[in-house]
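Structural description and commentary
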Amino acid sequence: MAMSQHCSVSATSAVRLSFSSSASPPLPTRVSLNLHPEKKVQSHSRRMISRAMVQEAAQGIPSVYAREMERLSAKESLILAFNDAGGFEALVTGKITDLQKIDVNERITTLERLNPTPRPTTSPYLEGRWSFEWFGSNTPGSLAARVIFEFPSSFVSLSSMDIVIKDASTRATANVKLLNMIENKVILTSKLTVEGPLRMKEEYLEGMLESPTVIEEAVPEQLRGLLGQATTTLQQLPEPVKDTLSNGLRIPLGGSYQRFFMISYLDDEILIVRDTLGVPEVLTRVETSSSSSVVENLEYNS
């Protein structure tokens, strides 16, 4: 699967797939994923509530309750490992140690063993907006990070990567910052095909480099005059040229590139996929102010 700010993830509703689901959703329990250490107190309270909900829902079924508590504990442990390793920033800048990598992978394997969704490729939990938390070598995320590594961190940085899944299509966005004052987005759209209960095929359709956005507050005083002149010059360009610049640079791919992957874990908060080499990618659902309509209101640019 190809590659928003890191935030606490507590999606409150399942989103709908256009293709039918034959899988029974997991137990209606969730754990608040705390990706920021400063929110530990709030997260602890949410976890206590989640555990109480699980205990009440599974009362009288000791084995089910025990497995669900084990799964919630494994999720907390994985998120803690991400935080201890330095999070997304440390991952894309290559500052994670081998010990931290093996620790995270061990916890990924533990959580996968407790996957509550037997047919994730047709589960309603699959749709939505997801943020990349972890990726290994030879994945789309690592390839994007590798390109960034070719430049000094003061020149270009990768701030976040997210992907939206809707109607068997994906839209992956890498948020890039140049010279700490120009923001840009690299977008990759693709089509998903269900190949089985766990396996999917992803065909890349189009790549796009959006027009950059200048953060005026970050522009040095001595350069603001040049920025004003450049803006005036752009406004004087012919309309077809201005439209081309405003719409960004599009690169048709026509499905000439594709990959297969397997969904090894899925619930309402975490998605784990593995490519043909078995390399994992871990994504967490992005919390939004309109969690029930985030997917329904999304429009793709074609």
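Here's a quick rundown of the structure. The structure presented is a predicted model; accordingly, all values stated were derived computationally and were not measured.

**Section: the packing of aromatic side chains**
A full pass over the atoms with the stated rule returns two aromatic pairs. Each ring, one from Phe82 and one from Trp134, has its centre 6.1 Å from the other, and the planes form 20°; the classification is stacked. Linking Phe82 in helix α2 (residues 62-85) with Trp134 in strand β1 (residues 128-135), this pair joins segments that are 52 residues apart in sequence. Trp134 carries the same exposure label as Phe82, and that label is buried. Between the aromatic rings of Phe88 and Phe135, the centroid separation amounts to 6.3 Å while the plane-to-plane angle is 75°, which identifies the pairing as edge-to-face. Placement of the pair is Phe88 in helix α3 (residues 87-92) and Phe135 in strand β1, with a sequence separation of 47 residues. Classification of Phe88 by relative accessible area gives buried; the value is 3%. Residue class for Phe135 comes out buried when judged on its relative accessible area of 5%.

**Considerations on the side chain of Lys75**
Tracing the sequence through the fold places Lys75 in helix α2. Only 2.9 Å separates the side chain of Lys75 from the side chain of Asp267, close enough to count as a polar contact.

**Notes on the environment of Thr170**
Position of Thr170 relative to the elements: it lies in strand β3 (residues 169-178). The class of Thr170 is buried, set by a relative accessible area of 1%. Sequence-wise, Thr170 and Gly128 are 42 residues apart; in three dimensions their C-alpha atoms are separated by 9.7 Å. A distance of 2.2 Å separates a polar atom in the side chain of Thr170 from a polar atom in the side chain of Ser190.

**Notes on a nonpolar patch on the surface**
Together, Val186, Leu209, Leu249 and Ile251 give the surface a local cluster of nonpolar side chains, amounting to about 340 Å² of exposed area. Here Leu209 shows up in strand β5 (residues 199-209). On the accessibility criterion, Leu209 (37% relative accessible area) is partly exposed.

**Comments concerning the pairing of strand β7 (residues 249-266)**
Where β5 and β7 come together, 10 bridges link them in antiparallel fashion. Residue pairing across strands places Glu206 opposite Pro252, the latter belonging to β7. Bridge count for β7 against strand β8 (residues 270-275) is five bridges, and the pairing is antiparallel. Bridging from a neighbouring strand, Met262 pairs with Arg274 of β8. Between the antiparallel neighbours β7 and β8 lie three residues.

**Details of the packing of α2 against helix α4 (residues 98-112)**
The interhelical angle for the contact between α2 and α4, taken along N-to-C directions, is 160°, at an axis separation of 9 Å. Taken together, the axes of α2 and α4 lie roughly antiparallel to each other. The two elements α2 and α4 meet at a crossing, and its hand is left-handed. Here Arg71, Ala74, Lys75, Ser77, Leu78, Leu80, Ala81, Phe82, Asp84 and Ala85 of α2 come into contact with α4, specifically with Gln100, Asp103, Val104, Arg107, Ile108, Thr110 and Leu111. Residues of the contact of α2 with α4, tallied by class, amount to nine nonpolar, three polar and five charged.

Analysis parameters
Residues numbered from 1 in each chain as written. Predicted model: local features only at pLDDT ≥ 70, side-chain atom pairs only at ≥ 80, totals over all residues. Heavy atoms only, no water. Phe/Tyr/Trp six-rings, centres within 6.5 Å; stacked < 30°, edge-to-face > 60°. Helix = DSSP H or I, 4+ residues; strand = E, 2+ residues; numbered from the N terminus. Buried < 20%, exposed > 50% of the residue type's maximum accessible area, 1.4 Å probe, protein only. Polar contact = N/O pair within 3.5 Å; in protein donor to acceptor, adjacent residues only side chain to side chain. Patch = residues over 30% accessible without salt bridge, like charges linked within 9 Å, V, L, I, M, F, W, Y side chains within 5 Å. Areas by Shrake-Rupley, 256 points an atom, 1.4 Å probe, with all protein chains shown as cover. Salt bridge = Lys/Arg side-chain N within 4 Å of Asp/Glu carboxyl O. Pairing = 2+ DSSP bridges. Axes fitted to C-alpha atoms, helices over the stretch in contact; angles between N-to-C directions. Parallel < 35°, antiparallel > 145°, perpendicular 65-115°, else oblique. Left-handed = near helix turned anticlockwise from the far one by under 90°. Contact = heavy atoms within 4.5 Å. Nonpolar A, V, L, I, M, F, W, Y, C, P; charged D, E, K, R; others polar.

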